[in-house]
Amino acid sequence: MLGDRANRILGGCVIILALLAIFVWVPNDTATGMILRQRGRLSIGDAMAPMFAFGLIGLAGILIALEKGGDLPASHINRTNIRFLTIFIGIFLLSIVLMRWSGPFVVLVAKAFELTEQSYRDLRDTVPWKYTGFVIGGTFLVTTMMSLM
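Residues numbered from 1 in each chain as written. Predicted model: local features only at pLDDT ≥ 70, side-chain atom pairs only at ≥ 80, totals over all residues. Heavy atoms only, no water.

Student: Got a minute to help me understand the packing of helix 3 (residues 79-112) against helix 6 (residues 132-148) in this structure?
Tutor: When two helices pack together, their arrangement is given by the angle between their axes and by how far apart the axes lie. Their axes nearest at 7 Å, the elements helix 3 and helix 6 cross at an angle of 160°. It follows that helix 3 is roughly antiparallel to helix 6 by the angle criterion. For helix 3 against helix 6, the interelement crossing comes out right-handed. Contact with helix 3, carried on its side by F84, I87, F88, I91, F92, L94, S95, L98, M99, S102, G103 and V106, involves T132, G133, F134, I136, G137, G138, F140, L141, T144, M145 and L148 of helix 6 and no other residues of that element. When its residues are assigned to classes, the contact of helix 3 with helix 6 shows 15 nonpolar, eight polar and no charged. (Axes fitted to C-alpha atoms, helices over the stretch in contact; angles between N-to-C directions. Helix = DSSP H or I, 4+ residues; strand = E, 2+ residues; numbered from the N terminus. Parallel < 35°, antiparallel > 145°, perpendicular 65-115°, else oblique. Left-handed = near helix turned anticlockwise from the far one by under 90°. Contact = heavy atoms within 4.5 Å. Nonpolar A, V, L, I, M, F, W, Y, C, P; charged D, E, K, R; others polar.)

And the structure:
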């Protein structure tokens, strides 16, 4: 019975936050509505994607609130959970570091092998160099998360 109460509270909080976002945040943060009529033509407005996303979050809150808790007691945090969370956060932090610093490092290596004479600041908006951080950091993030899971 304790699991049912916790699910109802969590689901209610998620529903309230989704409704607040839909009715307060999105209208005050977007320039246009969900559908934009301009010069007799209909198009998707700025608010369509956030409204759809918050609608899905609200639906998830309803499903959580209606979910039946099992007869099993709620599990408690143990060392395995903390270890997993620490590894999870470490992977994200390391991937962000790789995204930030792999571009300048690759340019530094290219300068060492005399493949370029310019600095990273000059090259950071040119095609092969501006994607190195995202490719290296993103590949690291995806492969390590897949391996962890």
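Student: Just to check I follow, could you spell out helix 2 (residues 48-66) for this structure?
Tutor: Every α-helix carries 3.6 residues per turn, so stepping three or four residues along brings you back to the same face. For helix 2, spanning 19 residues, the distance from its first C-alpha to its last is 27 Å, which sits close to the expected 27 Å at 1.5 Å a residue. Listed as buried for helix 2 are M51, F54, G58, G61 and A65. Seen from one end, helix 2 has its buried residues packed into an arc of 75°, which puts them on one side. In helix 2, the exposed positions that point more than 90 degrees away from the buried face belong to A49, F52, L63 and L66. (Expected span 1.5 Å × (residues − 1). Buried < 20%, exposed > 50% of the residue type's maximum accessible area, 1.4 Å probe, protein only. Arc of directions from axis to C-beta.)

Student: Even after reading the chapter, I still don't get the confidence of the model for the protein, so can you show me in this structure?
Tutor: Do not read the predicted coordinates in detail wherever pLDDT is low. On average, residues of the protein carry a pLDDT of 89, and 93% of them reach 70 or more. Looking at the elements of the protein, mean pLDDT is at its lowest for strand 1 (residues 35-38), recorded as 84, and at its highest for helix 6, recorded as 95. (pLDDT = per-residue confidence, 0-100.)

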